[in-house]
Amino acid sequence: MEKFEMTKEKITTNAAGATRRRAQEEKVNNKIQANADELRNHFAPLYHHYPGQAEHQPAYIELNPAGRSLRADYNAEVGNAVSSAVWYSRIYRLPIPATLRGSAVAAL
């Protein structure tokens, strides 16, 4: 009986170790993707002004928890419309100045 319990304890310990290793691997594989590198080398990558419009387009940082992404962009819609994912809070947007330098946007 004692021999069986030692084996059972070893199995439990090995299973717990494997679970911890899987969790660590998932953390590494589930890093949030960002577009910071492509923005870093531009002067004002989020500034966009459509002809005939009085103001430039608003810029934002967008967090997508389901897609595990964080990106900065400008709103391409005239009139500041948003997608249904943003409207229903599946994706979160935080406004930022469109005139920020690329290095400042990447640092956010």
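Described below are features of the structure shown in this document. Keep in mind that this is a model prediction, so the values were computed, not measured. (Residues numbered from 1 in each chain as written. Predicted model: local features only at pLDDT ≥ 70, side-chain atom pairs only at ≥ 80, totals over all residues. Heavy atoms only, no water.)

## Brief notes about the pairing of strand 2 (residues 59-64)
Link 1 in the chain: Among the six residues that make up strand 2, five are buried, leaving the element largely enclosed by the rest of the structure.
Link 2 in the chain: Both strand 2 and strand 3 (residues 69-74) contribute to a ladder of six bridges, which runs antiparallel. Across the sheet, residue Tyr60 finds its bridge partner in strand 3, namely Asp73.
Link 3 in the chain: Between strand 2 and the antiparallel strand that follows it, strand 3, lie four residues; Arg68 among them carries a positive phi value of about 50°. (Buried < 20%, exposed > 50% of the residue type's maximum accessible area, 1.4 Å probe, protein only. Helix = DSSP H or I, 4+ residues; strand = E, 2+ residues; numbered from the N terminus. Pairing = 2+ DSSP bridges.)

## Observations concerning unusual backbone geometry
Link 1 in the chain: A positive phi angle, close to 50°, is found at Arg68, a residue other than glycine.
Link 2 in the chain: Note on placement: Arg68 falls in the loop between strand 2 and strand 3.

## Side note on the side chain of Asn75
Link 1 in the chain: Position of Asn75 relative to the elements: it lies in the loop between strand 3 and helix 3 (84-87).
Link 2 in the chain: In this structure the side chain of Asn75 is engaged in a polar contact, spanning 3.1 Å, whose partner is the backbone nitrogen of Glu77.
Link 3 in the chain: Within the structure, the side chain of Asn75 is placed 2.9 Å from the backbone oxygen of Ala81, a separation counted as a polar contact.
Link 4 in the chain: Once residues lying within four places of it in the same chain are set aside, the contact partners of Asn75 are Gln57, Pro58, Tyr60, Asn80, Ala81 and Arg93. (Polar contact = N/O pair within 3.5 Å; in protein donor to acceptor, adjacent residues only side chain to side chain. Contact = heavy atoms within 4.5 Å.)

## Focus on the pattern of salt bridges
Link 1 in the chain: Under the counting rule described, the total for this entry stands at three salt bridges.
Link 2 in the chain: A salt bridge links Glu62 to Arg71; its shortest N-O distance comes to 3.0 Å.
Link 3 in the chain: Judged by relative accessible area, which is 8%, Glu62 ranks as buried.
Link 4 in the chain: Salt-bridge contacts for Arg93 lead to Glu62; the nearest nitrogen and oxygen are separated by 3.0 Å. Taken together, the residues Arg93 in strand 4 (residues 92-96) and Glu62 in strand 2 connect sequence positions 31 residues apart.
Link 5 in the chain: Via salt bridges that share partners, Glu62, Arg71, Asp73 and Arg93 belong to a single interconnected network. (Salt bridge = Lys/Arg side-chain N within 4 Å of Asp/Glu carboxyl O.)

## Quick notes on the nonpolar core
Link 1 in the chain: Judged by nonpolar contacts, Leu39, Leu46, Ala59, Ile61, Ala72, Ile96, Ala98 and Val105 together constitute the single largest core of eight residues.
Link 2 in the chain: When neighbours within four sequence positions are excluded, Ala59 is seen to be in contact with Leu46, Asp73, Tyr74, Leu94, Pro95, Ile96, Pro97 and Ala98. (Core = buried A, V, L, I, M, F, W, Y, C linked by side-chain atoms within 4.5 Å.)

## Thoughts on the side chain of Asn64
Link 1 in the chain: Following the sequence through the fold, Asn64 ends up in strand 2.
Link 2 in the chain: A distance of 3.2 Å separates a polar side-chain atom of Asn64 from the backbone nitrogen of Ala66.
Link 3 in the chain: Within the structure, Asn64 has its side chain in polar contact with the backbone nitrogen of Gly67 (distance 3.0 Å).
Link 4 in the chain: Excluding anything up to four places from it in sequence, Asn64 contacts Ser69, Arg90 and Ile91.

The quantities given are spatial measurements derived from coordinates; they are silent on function.
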